[in-house]
Amino acid sequence: MSEHLLVVEDLEVQYEVRTPDGRQVARAVDGVNLHVDRGETLALVGESGSGKTSTANAVMRLVEPTGGRIVFEGRDLVALSGRELRAMRPRFQMIFQDPFESLDPRRTVLDTVIEPLNIHGIGADRAEREALALKALERAGLTPPARIGARYTHQLSGGQRQRVAIASAMILEPALVVADEPVSMLDVSLRAGILTLMAEMRDRLGAGYLFITHDLSLAWMFADRVAVMYLGRIVEEGTSAEVIDSPAHPYTQALVSVIPVPDTGGARERIVLTGESPSPLDIPPGCRFHPRCPLYRELGEPERCRTEDPELLPLLSSGTARRAACHESH
Ligand SMILES: Nc1ncnc2c1ncn2[C@@H]1O[C@H](COP(=O)(O)OP(=O)(O)OP(=O)(O)O)[C@@H](O)[C@H]1O
Ligand SMILES: [Mg+2]
């Protein structure tokens, strides 16, 4: 049995889409491999359209993967029956990007947080569930809990709503939390508070987090490890410090080059990616990044980059669990 809390192997998510040329298949997630350990945060980082949400939704079993395995606490979630999956549900929970959409506006805050207890039959009676919910609200910084609990979710601000969403995910004491851009819709001034809350919850429960963000500097702040996603694949993975201090993959290098450097006030040399923004309807052959890769051009357009799909392999020089999918980085 795997030591890891979550192991994702060769995950694929495809969508059939209608285009002017007829039906086509979008390979949104095209062979993703990653793992999350207990108590740690893995950030999944990438541009819009790289397949982050599709990966998250597949792990949560909200979309059907077209291939691969999702092994959580030693069991393959893809192979479970509906009933077995429901029994596992409290163990893995999701926090969504948009707290305006993810909460029912006609419910009170207290009922919102009690609902997961009702669904999973936790607590002996209404009074016990209410007590658990009030405690969860308090832990989420929603105080006084009785007063906030009586409000309707539509009466709350975005930051408060996200706290309610966090409270109702965490009340089940999950082992895994998948958070899809949990602060990107919130005012910048509220973000640190929400992230601190999420970190406290993680540490209290020893939960593993799959934390999705398009913001590499946020990943660096919040996550232990980072996996960089490009066009449906992980192209680089390592500890946050390693990946950001010395990115190995040319795509990561480009992402890192646009992070402001606060200490010096100066900028790094900015690497501007050229070429068309990629589409999962038409993934380039060979290395999927080669049409936009500065290194490919610098090296005189090696044939291998156009013909061989690079695997995500350990970097020999690192001596750690660092991996990259680039022919030139090994
Ligand atoms: N239901 C769907 N039907 C068809 N195509 C889809 C569907 N959902 C996503 N896609 C496509 O799959 C690709 C990956 O989308 P996804 O939402 O997973 O990316 P993302 O990395 O989360 O992007 P963002 O940063 O914008 O949230 C995109 O090209 C998107 O257009
Ligand atoms: Mg997304």
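Let me begin by describing the structure that accompanies this report. What you are looking at is a predicted structure, and each value in this text was computed from that prediction instead of being measured.

### Focus: the overall build of the chain
So, step 1. In terms of regular secondary structure, the chain is built from 12 helices and 12 strands.
So, step 2. Relative to the compact-globule value of 20 Å for 330 residues, the chain shows a C-alpha radius of gyration of 21 Å, a close match.
So, step 3. Seen along its three principal axes, the alpha-carbon backbone of the chain occupies a region of about 70 × 50 × 45 Å.
So, step 4. Burial analysis of the chain (330 residues in total) assigns 50% to the buried set.

### Brief notes about unusual backbone geometry
So, step 1. Look at the link from Thr 143 to Pro 144: it is a cis peptide, with omega at -10 degrees.
So, step 2. Here Pro 144 lies in the loop between helix H4 (126–139) and helix H5 (145–149).
So, step 3. Positive phi is not limited to glycine here, since Glu 173 has a value of about 50 degrees.
So, step 4. Note that Glu 173 resides in the loop between helix H6 (158–170) and strand S7 (176–180).
So, step 5. With phi around 55 degrees, Glu 301 is a residue other than glycine that occupies positive phi space.
So, step 6. Mapped onto the elements of the fold, Glu 301 is located in the loop between helix H11 (294–298) and helix H12 (303–307).
So, step 7. With a relative accessible area of 40%, Glu 301 lands in the partly exposed category.

### Brief notes about the layout of surface pockets
So, step 1. Approximately 550 Å³ is the volume found for the largest pocket.
So, step 2. Secondary structure elements with two or more residues in the lining of the largest pocket: strand S6 (92–95), helix H3 (109–119) and H6.
So, step 3. A per-class count over the lining of the largest pocket returns 12 nonpolar, 5 polar and 4 charged.
So, step 4. Volume-wise, the second largest pocket comes out at about 260 Å³.
So, step 5. Gly 31, Arg 233, Pro 310, Glu 311 and Leu 312 are the residues nearest the centre of the second largest pocket, which is lined by 16 residues in total.

### Quick notes on the packing of aromatic side chains
So, step 1. This model, assessed by the stated rule, comprises 6 aromatic pairs.
So, step 2. Summarising the aromatic geometry, the rings of Phe 72 and Phe 92 are spaced 5.4 Å apart at their centres and angled 65 degrees between planes, so their arrangement reads as edge-to-face. In this pair, Phe 72 is assigned in strand S4 (residues 67–72) and Phe 92 in strand S6, connecting sequence segments 20 residues apart. There is no split in this pair, since Phe 72 and Phe 92 are both buried.
So, step 3. A ring pair is formed by Tyr 230 and Phe 289, whose centres lie 5.0 Å apart and whose planes are at 80 degrees; its orientation type is edge-to-face.

### Examining the pairing of strand S1 (residues 6–19)
So, step 1. Inspection of the sheet shows S1 paired to strand S2 (residues 22–36) by 12 bridges, in the antiparallel sense. Within S2, the position partnered with Leu 11 by the bridge is Val 32.
So, step 2. In this antiparallel pair of consecutive strands, S1 and S2, the connection spans 2 residues.
So, step 3. When S1 meets S4, the two strands line up antiparallel, connected through 5 bridges.

Calculation notes
Residues numbered from 1 in each chain as written. Chains lettered and ligands numbered in written order. Predicted model: local features only at pLDDT ≥ 70, side-chain atom pairs only at ≥ 80, totals over all residues. Heavy atoms only, no water. Helix = DSSP H or I, 4+ residues; strand = E, 2+ residues; numbered from the N terminus. Rg over C-alpha atoms; globule rule 2.2 N^0.38 Å. Buried < 20%, exposed > 50% of the residue type's maximum accessible area, 1.4 Å probe, protein only. 1 Å grid on protein atoms, 1.4 Å probe; cavity = no way out; pocket = protein on both sides within 12 Å on 5 of 7 lines; lining within 4 Å. Points joined across faces, edges and corners; volume = space filled by probe spheres on them. Nonpolar A, V, L, I, M, F, W, Y, C, P; charged D, E, K, R; others polar. Phe/Tyr/Trp six-rings, centres within 6.5 Å; stacked < 30°, edge-to-face > 60°. Pairing = 2+ DSSP bridges.

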